[in-house]
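Below are the chains, spelled out letter by letter.
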Amino acid sequence: FATKAKVVASGFERLDRLQGGANHHPVGNPVRAPIAEVRSVPFPSMDGELTIFITGGSQGARILGEAIPLAIANHIPAPLRVRLHVVQQVREEQLESVRAIYDKVQVKATLQSFFSDMPDRLAAAHLVIARSGAGTVSEIAAVGRPSILIPLKIAMDNHQEANAEGLVDAGGADMLLEDNLYPNLLGELIALRLNDANDLAVRAAAAKGLGNIQAAQDLADLAESIAAR
């Protein structure tokens, strides 16, 4: 239907399989009002505690609950590790084992199977580690936080990797493929980012530059302009 449509609106610039001649308008993905409201919250000071927010979603979350705690506990230098506050979404059956890993190395950790206060958690984060579903990527950009994105390997047409590309290309995120999700590699990357406050702030600004909290309005305006022709 793309070539027959007056316009093809999409959440991201990249739109695979779009035929030539289609009128393509990337408008972004609509974000919830509570997410839009925390866009004005400035990037947190890095003088004291450093907060890592880890959200895994429902699909493929088990591997995040296995690899990320080991990366933080075993592959981040102790002087940096003692400053961390890890806020992590963990599958219910993994809560006990993940908590034991953090307790062993005395890392402050807030672990839940679900966070109902996602906007506030995003706003308080110095670094986000997440899957790269369309909604997650759009919310990270809307709030403007640097991230390490781990695309879901089994996602249809590898669309989560495509979702992440915009933030990565803009310098707002790193992408670590699931096949490369080794604790030592992830731990080294986390340490690299958190040890450079200026670079992290630049990355936050780059992510925010791609965020659009007006996507729903832009889509509505686009539809109305076509209907009025």
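So, here's what we can say about the structure.

Conventions adopted
- Residues numbered from 1 in each chain as written.
- Predicted model: local features only at pLDDT ≥ 70, side-chain atom pairs only at ≥ 80, totals over all residues.
- Heavy atoms only, no water.
- Buried < 20%, exposed > 50% of the residue type's maximum accessible area, 1.4 Å probe, protein only.
- Helix = DSSP H or I, 4+ residues; strand = E, 2+ residues; numbered from the N terminus.
- Contact = heavy atoms within 4.5 Å.
- Core = buried A, V, L, I, M, F, W, Y, C linked by side-chain atoms within 4.5 Å.
- Phe/Tyr/Trp six-rings, centres within 6.5 Å; stacked < 30°, edge-to-face > 60°.
- Pairing = 2+ DSSP bridges.
- Axes fitted to C-alpha atoms, helices over the stretch in contact; angles between N-to-C directions.

What follows is about helix α6 (residues 134-143). Across the 10 residues that make up α6, a large majority, 7, are buried. Along α6, the residues that are buried comprise V137, S138, E139, I140, A141, A142 and V143. Contact partners of the buried residues in α6: α1 (33-37), α5 (118-124), β6 (127-130), β7 (147-149), α7 (159-170) and α9 (197-209). Once α6 finishes, G144 follows within two positions and takes phi at roughly 85°, a positive value.

Now for unusual backbone geometry. Within the chain, R17 stands out as a residue other than glycine whose phi angle is a positive 70°. Positionally, R17 belongs in the loop between β1 (8-10) and β2 (24-26). Judged by relative accessible area, which is 71%, R17 ranks as exposed. Look at Q106: it is not a glycine, yet its phi comes out positive at around 60°. Mapped onto the fold, Q106 is located in the loop between α4 (95-104) and β5 (108-112). Using a relative accessible area of 70% as the deciding quantity, one classes Q106 as exposed.

If you look at the biggest cluster of nonpolar residues, it comprises 31 residues, and the most contacted ones within it are I72, Y102, I190 and L194. Residue assignment for this core shows that the elements contributing at least two residues are β3 (50-55), α2 (62-74), β4 (84-89), α4, β6 and α8 (183-194). In this structure, L194 is in contact with M46, L50, I52, L80, L84, H126, L127 and L200, ignoring residues within four places of it in sequence.

Turning next to the packing of aromatic side chains. What the rule picks out here adds up to 1 aromatic pair. Ring geometry for F53 against F115: centres 5.7 Å apart, planes inclined by 80°, an arrangement best described as edge-to-face. Taken as a pair, F53 in strand β3 and F115 in the loop between β5 and α5 lie far apart in primary sequence, 62 residues in all. With relative accessibility at 5%, the residue F115 sits in the buried group.

Pairing in this open sheet of 6 strands is parallel, and the strands run β5-β4-β3-β6-β7-β8 from one edge to the other. Here the strands that pair on one side only, and so sit at the sheet edges, are β5 and β8 (173-175). With strand direction ignored, the average angle separating the axes of adjacent strands in the sheet is 15°. Here β4 runs beside β5; their pairing, made up of 5 bridges, is parallel. If you follow Q88 over to β5, its bridge partner there is L111.

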